[in-house]
Every structure is written in structure tokens, then in C-alpha cells.
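# Structure assessment
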Amino acid sequence: MTELSFIIMFVLLLIWSLCFYIHGMFASVALDAAKERFHEWEVKLEYSALALGIVGYICLALLFFPVTRGSSILRFIGLTSEGSIKYHIWLGHIAMTLFTAHGLGYIIFWGKTHQILEIFKWNKIGVSNVAGAVSLLAGLILWAATLPSIRRKAFELFFYTHYLYIVFVIFFVFHVGFSNSCIVLPGFYLFMIDRYLRFLQSQQKVRLVSARVLPCETVELNFAKNIGLCYAPTSTIFINVPSISKLQWHPFTISSCSDTDSDTLSIVIKSSGTWSNTLYQKLSSSIPISHLDVSVEGPYGPASTFYSRHELLVLVSGGSGITPFISIIRSLIFKANTEGSKTPRVLLVCAFKKSIDLTTIDLILPVSATCTAFDISRLQLQIEAYVTREKQPDMNDKKLIQTLWFKPNALDEPVSAVLGQNSWLYLSIIISSSFMLFLLLIAILTRYYIYPIDHNTDMIYPYFSRSSLSMLFICISIAFVATSAFLWNKKQNKDLGQIKNIYTSNSSTSPGSGYYNADRELGSLPLQSLVQTAKVHYGERPNIKKILSGCNGSSIGVLVSGPRKMRHEVASLCTSCSTDDLHFESLSFSW
């Protein structure tokens, strides 16, 4: 309801702004039409197109805030990087609608007044029409690639086309001039800082300790992480495997818990596309690889979660939707083993297509040795598993999980936060320092170079040169300050050497102890206690209504993660319940 209220207020703001600008411009339509020898409706068309472009500034000013993944601003207002994407999408659609109407309005105006060549005009001073045309064309191509049919069937086309935002922004600045584009500077400035920091983080190769290969064409990757790195359950991380693709980055929900897995970070990847299938084939090969280069961005996630506030927690998952629940359950295991901590009873309802997929349940138990310090029996966990496409278990399926241990590389680093534990402090220093440096450079440029030429008339020095130098100084300021902060934080990271020593020691202990054996090992683990204790239903789908009606508790929390149809079904059932003691939340997941 709050979100709907803000949407309505924002739309009303746009409508009011458009009416305000049009009303002010139309006041002098008769005089301007007589002066230019145009019809009044032609001048009104021109002014309406101009007003649409100015109102588009409002959307463009907010467009980049939701995609600053690592920014503390999102966490401050309670948003996650994934949860805020929808606002970026909505703002993008509105902005492109306004800018398209702005461009079409001017094209019609120029056509009716026999000035069509104005579209190719690049003014030395003032608005450059051809720059606006290039910006709009780049935006239209980008916008077309966001259509659901293209995004789902040709994701790479959508992904690479999105980089046209660089052309869009640069030529937008050339079109209106740097001074007029400053209204969109705050959001884009934060985005540039965030994007550059993510670039610095992505240049590091991270230490891949082990991988668990499941027979259901699923793998779990376990990375070494800095002990000081903390993240909330359901956080996500982006990974890149150069040996598969140097350009492709894929988001995955983190399945580990920073409390129970103090020195490792895990993700689960289901083979469902070309990239993930290639990775699975690499790891499940009869001649397994001894090392795999991986780069990461993140993690990104909510600042905190409140899953333990309920008396009963019902987790409903479909297929790979179990992934975010693994991190939640591990977090609750930690709380259950902490003195004085009260944890809810947990009912995990998971649906799979085949019995071989049941092995995913075993990923709830971490592969690292640190998990042995926590007793899972202290958490009241009940698992109801449903196999929808088989009437009985496949007896020919051995259901073995293979564990691969990789050789260390001296250049590999543990996963760590790009700006350390006090990222908000470092980020504020980067923003303020880089902007002060930018203002200093602009002041020097204006006083000792532009002013002697222009003499403060703003009518001699070309807008193109001024805009180009301003954008260059922004990039220089951000690169210098952000790089310095990144390197300083890396130098001050006292735990880095400790983590690397743990995983590069020539220990002869077994991989199961959490240490690396000098000779690479490949182990096969049979189906273990969690699946054996689960109640498995074959040939049927979970009856969510019956399950919820049988739940007893003064406070019940329902989390659902899975296919869209399942999320909608559970959401409608929870909404129809008359009790105020049931709280519902739908989780997004990446695998």
C-alpha cells in the first residue's frame, strides 16, 4: 500500500510539472508565433515537446539510484539490489516514453515548418539537436531490448545492449550542455562510483576451495572468505568464470551463513542454460580440473532479516527455490546453538520434479569443518519433500554427492567486501572527496582556461568542449579517490593473510576437516541424514492450503521461493486467511 501511494504521488508530480511548464510557455504563444511567423498550434507543439523533455529530467535524475548495488543508500532505506530493480525498470519506461514523445514532437514540428534539417544541427553554443537524436536512438535500441520476449529468450542481447546507456548519457550531456544536465548528476555520480568499485573488485581472482557436484546437475561452489565479511541470509553475489566467458556475469543466491560458515561462502548453481551447463560439465568431468579462476562482485543483500521473530516458520520452495532457505536454516541453526537465543520451529516444504533432486536437501549441511561446532538437532526442523513426476523412488539411482577440492593459487584472494566492514564510511569519504576534487579541477579549468577565452559571456567557448572536459574530470576524480580507498582498505585488511594461510597450508588432514590436502582429492558422499529424516511424498504436489491449515502457532511466518505460479498460489492463500498472526513474504532467488 505504501509503494502504491508513492507511485501515485510520483505520477501526480510528473503531471503537475508538465502542466506547470506548458502553462508558463503557452502564456506567450501568440507573441512567439507572430514573431516566428508560425501558426499558434505549431508553437504549442514545440513548447509541449520541450516540456515533455524537461519533465523527463525528473525520471532521469532518479533512474540510476536503484542500480547502485553496493551503495549504502539502498540498505539505509531498507531496499535490496534485486528488490530495487523494479523501480529502475518503471523509471526507465516512463523516461523513455517522455523522451520519445519529446523527440517525435520536435520532428513533427520541424516537418510542418519545413525545418527538418534542424535535426542534424550541432550548435557550438546552446542545444545540439544531432546529439539529442543520437542519445534518443541509443535509448530506443536499449529500450526495445528490454521487452520481456527479448530479455527472456535472448538475455545476452539484452545485457550487451544495455551498455548503450553510456552513449545515451554522454550525448544527452552534449545535447543539453553540462550545466543543464546537472539535475541528473547526483544519481549518475553515485552510480559511477558504485560501478567503478565493482570493477575494482571484479579484477581480483577469488580462492575457490571446493565444489560439491550433485547428481541432479547442480553444483555448490565454496569460496574462501574474509572472516570479517558478514552478510544477511538471501544475499546475492555475481560471479564470472573467464574460462567459460570473460564478459558474462551471473547472480546467485548465497546459500551459506556468515555465522556458521565463518571462513567460506557458498552458492548453488543449477544447470539450466549454456553457461551453467558448461560449468557443470567442467566440474563433473571424469578428468576433473585442479583449479578454476573465478571473479566475484558483492555480496549484496538486505541489511538485516527478521525470520526468527515468528513461533513457526513455513518455508515453501519449488525446485531450485530451496537455495535461499539453505542460508536461512543455517542462520537459525547458529541462533539455536547460541545461549539464550529463541528460534522458531521450521517446516520446510520443498517440491522437486524427480527423486534425484532430493540430494539438494543435503546442501543444508555445510561442507566446512566449522559446521561440526553446531548441533542441527537443536533446531526443530521438519522437512516435507514432494516428488511430483515419480510414483516411487528410483532404485537405480545411487544418489552420490561428489566433493572436489581445488589446489590453491598464490594470486587468489578470499571474498571480501570491496570497502571493508565500514563500507558506509569509506563510501561517504569517496563521494565527498571525489566531488571536492572535481569542483577544484573545474574551478581551475574555468578560471585559467575557459574564462580568458569566454570572459564569462557563455557565448564563445564551445558547449561540447566544456561538457567533454567536465565529464573527463568527473571520471578522473572518481578513479583517483576510489582506487586510493580500495587499495588502502586492502592494505589494512589484517585478516587477509590469515585466511590465505589457512587454505594454502600443506596440511595432510582430510578435506572434510576444512583444510586442504596437498594431493587433490575427490570424494563421494552417500545420501545422508537430512534426506533420510525427511518425509517424502511421491507422485503428488504439496497441498499448501492443507499444510497452512494444519500449522499451529501464535505467530506464523510463510516464506515462498520458487516458480512464479507457486508464489502466486501461496500468496493468494495467505491473503485469504482471516488471521492476523500469519505473515507472508515472497523471496526472489538466483541460481
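Residues numbered from 1 in each chain as written. Predicted model: local features only at pLDDT ≥ 70, side-chain atom pairs only at ≥ 80, totals over all residues. Heavy atoms only, no water.

Selection rule: UniProt positions are given in the numbering used here, feature names are shortened, and annotations may be inferred rather than shown by experiment.
If you check an unreviewed UniProt entry, the protein appears there as ferric-chelate reductase (NADH) from Glycine soja. In its Catalytic activity (unreviewed entry) section, the UniProt record describing the protein reads: "2 a Fe(II)-siderophore + NAD(+) + H(+) = 2 a Fe(III)-siderophore + NADH".

## Structural notes on the nonpolar core
Formally: Within this scheme, the nonpolar core is defined by two criteria: the residues are buried Ala, Val, Leu, Ile, Met, Phe, Trp, Tyr or Cys, and they are joined through side-chain atoms within 4.5 Å. Per-residue accessibility, obtained with a 1.4 Å probe over protein chains only, is compared with the maximum for each type, and a residue is labelled buried under 20%, exposed over 50%, and partly exposed between these values. Secondary structure elements are taken from DSSP: a helix is a run of H or I of four residues or more, a strand is a run of E of two residues or more, and numbering for both begins at the N terminus. Here, two residues are considered to be in contact whenever any of their heavy atoms come within 4.5 Å of each other.
Residues Phe172, Leu197, Ile430 and Ile474 are the most contacted members of the largest nonpolar core, which totals 55 residues. Every element with two or more residues in this core is listed here: helix H1 (2-26), helix H3 (40-63), helix H5 (85-112), helix H6 (129-144), helix H9 (165-176), helix H10 (185-202), helix H13 (423-454) and helix H14 (463-492). Excluding residues within four positions of it along the chain, Leu197 makes contact with Val418, Leu419, Leu427, Ile430 and Ala482. Counting 31 residues, the second-largest nonpolar core is a separate cluster that includes Leu214, Ile326, Ile333 and Leu363.

## A short note on the pattern of salt bridges
This is how the line gets drawn: Salt bridges are defined by distance alone: a side-chain nitrogen of Lys or Arg within 4 Å of a carboxyl oxygen of Asp or Glu.
Within this structure, the stated rule accounts for seven salt bridges. The shortest N-O distance in the salt bridge between Arg198 and Glu297 comes to 3.3 Å. Here Arg198, found in helix H10, pairs with Glu297, found in strand E6 (residues 295-300); they are 99 residues apart in sequence, far enough to count as distant. Residue Arg198 is classed as buried on the basis of its relative accessible area, which comes to 7%. Judged by its relative accessible area of 3%, Glu297 is buried. Between Arg212 and Glu220 there is a salt bridge, with the nearest N and O atoms lying 2.6 Å from each other. Each member of the pair, Arg212 as well as Glu220, is classed as buried. Linked by salt bridges that have partners in common, Arg212, Glu220, Asp261 and Arg330 make up one network.

## Structural notes on the side chain of Ser266
This is how the line gets drawn: Polar contacts, as counted here, are pairs of nitrogen or oxygen atoms within 3.5 Å of one another; within protein the pair requires one atom able to donate a hydrogen and one able to accept it, and residues that are adjacent in sequence qualify only if both atoms are side-chain atoms.
Note that Ser266 resides in strand E5 (residues 264-270). A distance of 2.5 Å separates polar atoms of two side chains, one belonging to Ser266 and the other to Asn222. The residues contacting Ser266, other than those within four sequence positions of it, are Glu220, Leu221, Asn222, Thr253, Ile254, Ser255, Ser256 and Arg330.

## A word on unusual backbone geometry
In this model, Gly298 is joined to Pro299 through a cis peptide bond whose omega is 10°. Following the sequence through the fold, Pro299 ends up in strand E6. If you check the backbone angles, Arg37 has positive phi at about 65° while not being a glycine. Looking at the secondary structure, you find Arg37 in the loop between helix H2 (29-36) and H3.

## Here we look at the pairing of E6
Sheet faces and side chains relate simply in a regular strand, where the side chains alternate between the two faces. The condition that has to hold: Strands are treated as partners if at least two bridges between them are detected by DSSP.
Most of E6 is tucked away: six of the six residues are buried. Relative to E6, strand E3 (residues 236-240) runs antiparallel, the two sharing four bridges. Following the sheet pairing, Phe238 is matched in E6 by Glu297.

## Comments concerning the packing of aromatic side chains
Keep this limit in mind: In this analysis, rings of Phe, Tyr and Trp, with Trp reduced to its six-membered ring, are considered paired at centre separations within 6.5 Å, and the interplanar angle assigns stacked below 30 degrees, edge-to-face beyond 60, and tilted for intermediate values.
Taken as a whole and assessed by the stated rule, the structure comprises 27 aromatic pairs. Seen in terms of ring centroids, Trp122 and Phe464 are 5.6 Å apart; in terms of plane orientation they differ by 70°. Their pairing is edge-to-face. Highlighted residues: Trp122 in the loop between H5 and H6 and Phe464 in helix H14, separated in sequence by 342 residues. We classify Trp122 as partly exposed; its relative accessible area is 37%. Judged by relative accessible area, which is 38%, Phe464 ranks as partly exposed. On the numbers, 5.6 Å between centres and 80° between planes, the contact of Tyr165 with Phe191 is edge-to-face. Residue Tyr165 is located in helix H9, and its partner Phe191 is located in helix H10; the two are separated by 26 residues in the primary sequence. When sorted by exposure, Tyr165 lands in the same class as Phe191, which is buried.

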